[in-house]
Amino acid sequence: MQSKGSGARFFGMVIRSRISTLMLSMFATFASLYVAGRLWQDAENRVYLAKELDRITGQDKVVMSVDDSWKIIECREQQKKLSALEMELAAARQEGFVSKHSSDSDINKNPKRRPLVVIGILTGFDHKSNRDAIRKAWMGNGLISNKMAEQKGIIIRFVIGRSSNRGDSLDRSIDNENKLTNDFFILDNHVETPEQLPNKTKLFFAHAADKWDADYYAKVNDDVYVNVDAFATTLAAYLDKPRVYIGCMKSGEVFSEEGKKWYEPDWWKFGDGKTYFRHASGEMFVISQALAKFVSINRAILRTYAHDDVTVGSWFIGAEVKHVDERKFCCSSWSSGALCSGV
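In short, a report on the structure. (Residues numbered from 1 in each chain as written. Predicted model: local features only at pLDDT ≥ 70, side-chain atom pairs only at ≥ 80, totals over all residues. Heavy atoms only, no water.)

1. Description of the state of the cysteines
Piece 1. Counted by the stated rule, this structure contains 2 disulfides.
Piece 2. With its sulfur 2.0 Å from that of its partner, Cys 248 forms a disulfide with Cys 330. One disulfide, between Cys 248 and Cys 330, carries an S-S torsion of 90 degrees and so falls in the right-handed class. Taken together, the residues Cys 248 in strand β6 (residues 244–250) and Cys 330 in the loop between β8 (322–325) and β9 (340–342) connect sequence positions 82 residues apart. (Disulfide = S-S within 2.5 Å. Helix = DSSP H or I, 4+ residues; strand = E, 2+ residues; numbered from the N terminus.)

2. Quick word on the pattern of salt bridges
Piece 1. This structure, assessed with the given rule, holds 17 salt bridges.
Piece 2. Here Asp 188 makes a salt bridge to Arg 162, at a shortest N to O gap of 2.9 Å. Of this pair, Asp 188 sits in strand β3 (residues 184–191) while Arg 162 sits in strand β2 (residues 154–162), and the two are 26 residues apart along the sequence.
Piece 3. In this structure, Asp 240 engages Lys 241 in a salt bridge whose closest nitrogen and oxygen atoms are separated by 3.6 Å.
Piece 4. On the accessibility criterion, Lys 241 (27% relative accessible area) is partly exposed.
Piece 5. One salt-bridge network, held together by shared partners, links Lys 128, Arg 131, Asp 132, Arg 135, Glu 177 and Asp 183. (Salt bridge = Lys/Arg side-chain N within 4 Å of Asp/Glu carboxyl O. Buried < 20%, exposed > 50% of the residue type's maximum accessible area, 1.4 Å probe, protein only.)

3. Here's the deal with the packing of aromatic side chains
Piece 1. Taken as a whole, this structure holds 9 aromatic pairs when the rule is applied.
Piece 2. A centroid spacing of 5.6 Å and a plane angle of 50 degrees characterise the contact between Phe 231 and Phe 329, whose relative ring orientation is tilted. On the criterion of sequence distance, the pair formed by Phe 231 in helix α8 (residues 228–236) and Phe 329 in the loop between β8 and β9 is long-range, its members being 98 residues apart.
Piece 3. On the basis of relative accessibility, which here comes to 1%, the residue Phe 329 falls in the buried class.
Piece 4. Grouped by ring-pair contacts, the aromatic residues Phe 185, Phe 204, Phe 205, Trp 212, Tyr 245, Phe 285, Trp 315 and Phe 316 constitute a single cluster.
Piece 5. Geometry around Trp 212 places Lys 211 over its ring, the cationic atom sitting 5.3 Å from the centre.
Piece 6. Taking NZ or CZ as reference, Arg 303 lies 4.4 Å from the ring centre of Tyr 305, over its face. (Phe/Tyr/Trp six-rings, centres within 6.5 Å; stacked < 30°, edge-to-face > 60°. Lys NZ or Arg CZ within 6 Å of the ring centre and 35° of its normal.)

4. A few points about the sheet that holds β3
Hydrogen bonds along the backbone pair up the strands of a sheet, which may run parallel or antiparallel.
Piece 1. The strand order across the open sheet formed by 7 strands is β3-β2-β1-β4-β7-β6-β8, and the pairing between neighbours is mixed. The open sheet has two edge strands, β3 and β8, and neither has a second partner. Neighbour-to-neighbour, the strand axes of the sheet open up by a mean angle of 25 degrees, direction not taken into account.
Piece 2. For β2 and β3, the ladder comprises 4 bridges, and the chain directions are parallel. Each bridged residue has a counterpart across the sheet, and for Arg 162 the counterpart in β3 is Val 191.
Piece 3. Together, β1 (117–122), β2, β3, β4 (216–221) and β7 (279–288) form the strand contacts of helix α7 (residues 197–211), whose direction differs from that of β3 by roughly 125 degrees.
Piece 4. Strands in contact with helix α9 (residues 289–297) are β4, β6 and β7; relative to β7, the strand with the most contacts, it is inclined by about 100 degrees. (Pairing = 2+ DSSP bridges. Axes fitted to C-alpha atoms, helices over the stretch in contact; angles between N-to-C directions. Contact = heavy atoms within 4.5 Å.)

5. Comments concerning the nonpolar core
Piece 1. Counting 36 residues, the largest nonpolar core has Ile 119 and Phe 231 as its most contacted members.
Piece 2. Counting only elements with at least two residues in this core, the list comes to β1, α4 (128–139), β2, β4, β5 (224–226), α8, β6 and β7.
Piece 3. Apart from residues no more than four positions distant in its own chain, Ile 119 is found in contact with Trp 138, Ile 154, Ile 155, Ile 156, Arg 157, Phe 204, Ala 218, Val 220 and Phe 231.
Piece 4. Membership of the second largest hydrophobic core comes to 29 residues, among which are Tyr 217, Phe 294, Trp 315 and Phe 316. (Core = buried A, V, L, I, M, F, W, Y, C linked by side-chain atoms within 4.5 Å.)

Remember that the coordinates give geometry; whether it matters functionally is a separate question.
Okay, structure coming up:
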């Protein structure tokens, strides 16, 4: 009886062993199929990437890892971009658009992406209603303005100088307003008078270029409404042009009769035809970083005329600068596709 029981137990163990072996074999088969499939897929990817690399570089066929392929492609693209930037920087330094005191360490001080544009809205002491309307319509204030700067790279500031009676009620009212809104760019070395508008525009570009490392700097009047998103999209299309002057280009009569609204004291410099050269309309225009740096470096010798739009145009008329007649900046024609509107 004992012998029979032992035989039965042995037989059961054999059966269980065979079942376990069968299960293990099935599992191993499925695992092999899975691994083979993955290896086949990886092999196909390797061949594809190798062919693509051969097609791009023209080199002999070499099979390499997927990671190495992507790294080589990425490195070559970055190298092209770096070489282009180095050539632009060298050209800018040679032509006097970059300060001699700038260095490579200055470029690496701020690792964050540079702002797209700094918009300076030129305003006056008695234009608070205009400023409030702009804040409500397109500029925003507080968190909205900060969010626009962080997410879209658009920095907007009201630009104003100081009263001729430094520290008077006019200065105090601006300081108090700025404490509430924190959206002013105050030019402490500029006296706020209507006839000094061209100099104010020059100081804005110079000081803004010193303060912010942006792609563009824009001057806007405080009676102009701007579609900010369309504005940013338009500027992005010109990022490949390092020295660009963008605006609604125009020319017009030079008024030589003193007492007229648009009187130009230096009228005789514009020739017998009394016609201005092409320049961007004063409602809104943009210059690239290289040009803003040029203004900053040469601010002491850049002369001004009676009007700020003519003044800025005169700085670039004899320089290697790309003039862009951007009709979207013609603020008096909102209905025809302009991204701004004068009121």
